[in-house]
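# A structural walkthrough
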Amino acid sequence: MDYKRVRTPETTITRDVEQMCHDVGNVYETVVIISKRANQINSEMKKEIENKLQDFSYFGDSIEEIFENREQIEISKYYEKIPKPTLIATQEFLNDKIYFKNPIRDALDEV
């Protein structure tokens, strides 16, 4: 996923919690939905950066031998500049791009 193309502000914005939880109906459930999506995004980002940095891994004879690679530094700077997973997940939630369901609530509705 190209995280730079996601229209998410890079800084924290104060949000109206009452407005955010309007669809869900519960503030705590809204927080759980956003946090689970943020964990998914974080794990995707972690796998992606590990795959990119794996090409630069060097196994030398001593621990003191550390080589700085320009491409490795650029990759690290890219991931430092993109919005945090929590901000991306919050924006996805506000744009109705997250699918969620509550099996307990669904079971109670059927009864």
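Residues numbered from 1 in each chain as written. Predicted model: local features only at pLDDT ≥ 70, side-chain atom pairs only at ≥ 80, totals over all residues. Heavy atoms only, no water.

### Examining the overall build of the chain
- Counting secondary structure elements, the chain contains five helices and zero strands.
- By residue count, 24% of the 111 residues in the chain fall in the buried class.
- In the form shown here, the chain has an accessible surface area of approximately 9000 Å², with 51% of it arising from carbon and sulfur atoms. (Helix = DSSP H or I, 4+ residues; strand = E, 2+ residues; numbered from the N terminus. Buried < 20%, exposed > 50% of the residue type's maximum accessible area, 1.4 Å probe, protein only. Areas by Shrake-Rupley, 256 points an atom, 1.4 Å probe, with all protein chains shown as cover.)

### Topic: the packing of aromatic side chains
- On inspection of all chains with the given rule, the structure shows two aromatic pairs.
- Taking 5.1 Å as the distance between ring centres and 90° as the angle between the ring planes, the aromatic pair formed by Tyr-78 and Tyr-79 counts as edge-to-face. (Phe/Tyr/Trp six-rings, centres within 6.5 Å; stacked < 30°, edge-to-face > 60°.)

### What about the side chain of Arg-37?
- Mapped onto the secondary structure, Arg-37 falls in helix H2 (residues 27–54).
- Setting aside chain neighbours within four positions, we find Arg-37 in contact with Glu-44, Ala-89, Glu-92 and Ile-98. (Contact = heavy atoms within 4.5 Å.)

### Some thoughts on the confidence of the model for the chain
- Summarising the model, the chain shows a mean pLDDT of 81, and 82% of its residues fall at 70 or more.
- Across the chain, the element-wise mean pLDDT spans from 74 in helix H5 (residues 103–110) up to 92 in H2. (pLDDT = per-residue confidence, 0-100.)

### Quick word on unusual backbone geometry
- Phi at Asp-96 takes a positive value of approximately 55°, unusual for a residue other than glycine.
- Here Asp-96 is to be found in the loop between helix H4 (85–94) and H5.
- Exposure remark for Asp-96: the relative accessible area of 60% places this residue in the exposed category.

### Topic: the pattern of salt bridges
- Summed over all chains, the structure comprises four salt bridges.
- Its salt-bridge partner being Arg-37, residue Glu-44 comes within 3.9 Å of it at the nearest N-O pair.
- For Glu-44, a relative accessible area of 34% translates into the label partly exposed.
- Classification of Arg-37 as buried rests on a relative accessible area of 16%.
- In this structure, the salt-bridge partner of Glu-74 is Arg-70, at a minimum N-O distance of 3.8 Å. Of this pair, Glu-74 and Arg-70 are both found in helix H3 (residues 70–81), four residues apart, which corresponds to roughly one turn of the helix.
- Residues joined in a network through salt bridges with shared partners are Arg-37, Glu-44 and Glu-92. (Salt bridge = Lys/Arg side-chain N within 4 Å of Asp/Glu carboxyl O.)

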